[in-house]
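Secondary and tertiary structure notes
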Amino acid sequence: MAAACTRTLCKVGRSILESPAARRSGTVSYLVGNGISRGSRRAYGTGGYRSELVSSLRTGAGARVLGCAVLLGGGLGLYHTVKFRVQQLLAEEETKVSGGGLKLTLYQYKTCPFCSKVRAFLDYHGLAYEIVEVNPVMRKEIKWSVYRKVPILMVDGNVQLNDSSVIISSLKTYLINKERSMSEILHCYPEMKSVNERGKEVTEYSNKYWVMLGEAEITEIYPEKGMQKEEMKWRQWADDWLVHLISPNVYRTTGEALASFDYIVREGKFGTFEGFFAKYVGAAAMFLIAKRLKSRHNLQDDVRQDLYKAVNDWVAAVGKKRKFMGGDQPNLADLAVFGVLRVMEGLQAFDDMMDNTKVKHWYRRMERASLNHEGRQD
């Protein structure tokens, strides 16, 4: 579109320059001189600019000036069109290299452990993605979606992936075998609605811990017997158990609850009033809710002990002979556990965990792997 307009401008300019009036005009120096004198009269006059301009365009010199101006505009337009197209092609090439040919947009709360899981996967694999931070009060950024939770990942603007584990499994399936589209892969994870014990309708997804592979691909990705089942087991453990230890620990005391909400407000998308309300009223509410969660999940009075035990159980499962559960490289379980634990960074619970468990070396390896995009495909 822009290029077509530019070509039209150039044609118009050329036709003006080649017109009889333009050919009868004087030299370039005459044109410049006249242009300056007219410009000075325009600057100091009070009402003659329009008539001066119209009359000058009727002369050969005016036609010549207009032709030059149109050609100059066309040339500048062509330059910017070419520049924009080159930048667009470079961006597309970068997306193909680092994004697997997909345009990804992640709708998230930054401090949500499920959203952090998805970011850990995307970062490790070097996938380019845009982030839309959702206001947790109004959630207007996802008002277009029937599914009202985060994370939501939009693929190429028209395929919506819900649920962190479905997002990760779907993308991993695609990265291993790009013969199927994301829409086709998504059919492998059908949506199921049910009512939980509190009478609330919940949405779940079948097969969400499965990466959909053929036999040859399974052998390549999981060379040792039991690796796939182990990965799925610990991914589910991260969702069903580890996640539920975060809130009781970061809101353990009123001081910790206030510090946690200070971090949430600082990193999240809140208005001034919403931020103030969230920090103080939200902190008090979550302190009380954390007590209820402790009872619901049968946690010890000192919830730190449950966190320490869970983290040490994970480290023991990885073992001393492996850098990661995936061996020399993180697998989906590594990324899930890392994503969940990472949301506590900067809080007292995180510092206590690092000081009182054996997780530090594994965690620092995961940090480096994520930061360096070690899972990026060539």
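About the cut-offs
- Residues numbered from 1 in each chain as written.
- Predicted model: local features only at pLDDT ≥ 70, side-chain atom pairs only at ≥ 80, totals over all residues.
- Heavy atoms only, no water.
- UniProt positions renumbered as here; feature names shortened; annotations may be inferred.
- Patch = residues over 30% accessible without salt bridge, like charges linked within 9 Å, V, L, I, M, F, W, Y side chains within 5 Å.
- Areas by Shrake-Rupley, 256 points an atom, 1.4 Å probe, with all protein chains shown as cover.
- Salt bridge = Lys/Arg side-chain N within 4 Å of Asp/Glu carboxyl O.
- Helix = DSSP H or I, 4+ residues; strand = E, 2+ residues; numbered from the N terminus.
- Pairing = 2+ DSSP bridges.
- Axes fitted to C-alpha atoms, helices over the stretch in contact; angles between N-to-C directions.
- Contact = heavy atoms within 4.5 Å.

In the annotation of an unreviewed UniProt entry, the entry for the protein reads Prostaglandin E synthase 2, and the organism field reads Perca flavescens. Under the Pathway (unreviewed entry) heading, UniProt states for the protein: "Lipid metabolism; prostaglandin biosynthesis." One UniProt comment on the protein, placed under Subcellular location (unreviewed entry), says "Endomembrane system".

Bringing a nonpolar patch on the surface into the picture now. On the surface, a nonpolar cluster with roughly 360 Å² of combined accessible area is contributed by Leu258, Phe277, Tyr280 and Val281. Of the residues forming the nonpolar patch, the biggest block, three residues, is contributed by helix 13 (residues 272-296). Along the chain, the position of Tyr280 falls in helix 13.

The topology assignment puts Phe261 in helix 12 (residues 254-267). Put simply, Phe261 and Ala283 are 22 residues apart on the chain and 5.8 Å apart in space, counted from C-alpha to C-alpha.

For the rest of this paragraph, the subject is the sheet that holds strand 2 (residues 129-133). Read from one edge of the open sheet, four strands run 2-1-3-4, paired in mixed fashion. Both edges of this open sheet fall to strand 2 and strand 4 (159-162), since each of them pairs with a single strand only. Recorded for the sheet is a direction-independent mean angle of 20° between the axes of neighbouring strands. As judged from the five bridges shared by strand 1 (residues 104-108) and strand 2, these two strands associate in the parallel manner. Bridge pairing in strand 2 links Tyr107 to Val132. Taken strand by strand, helix 7 (residues 164-176) contacts strand 1, strand 3 (152-155) and strand 4, and its axis lies near 125° from that of strand 4.

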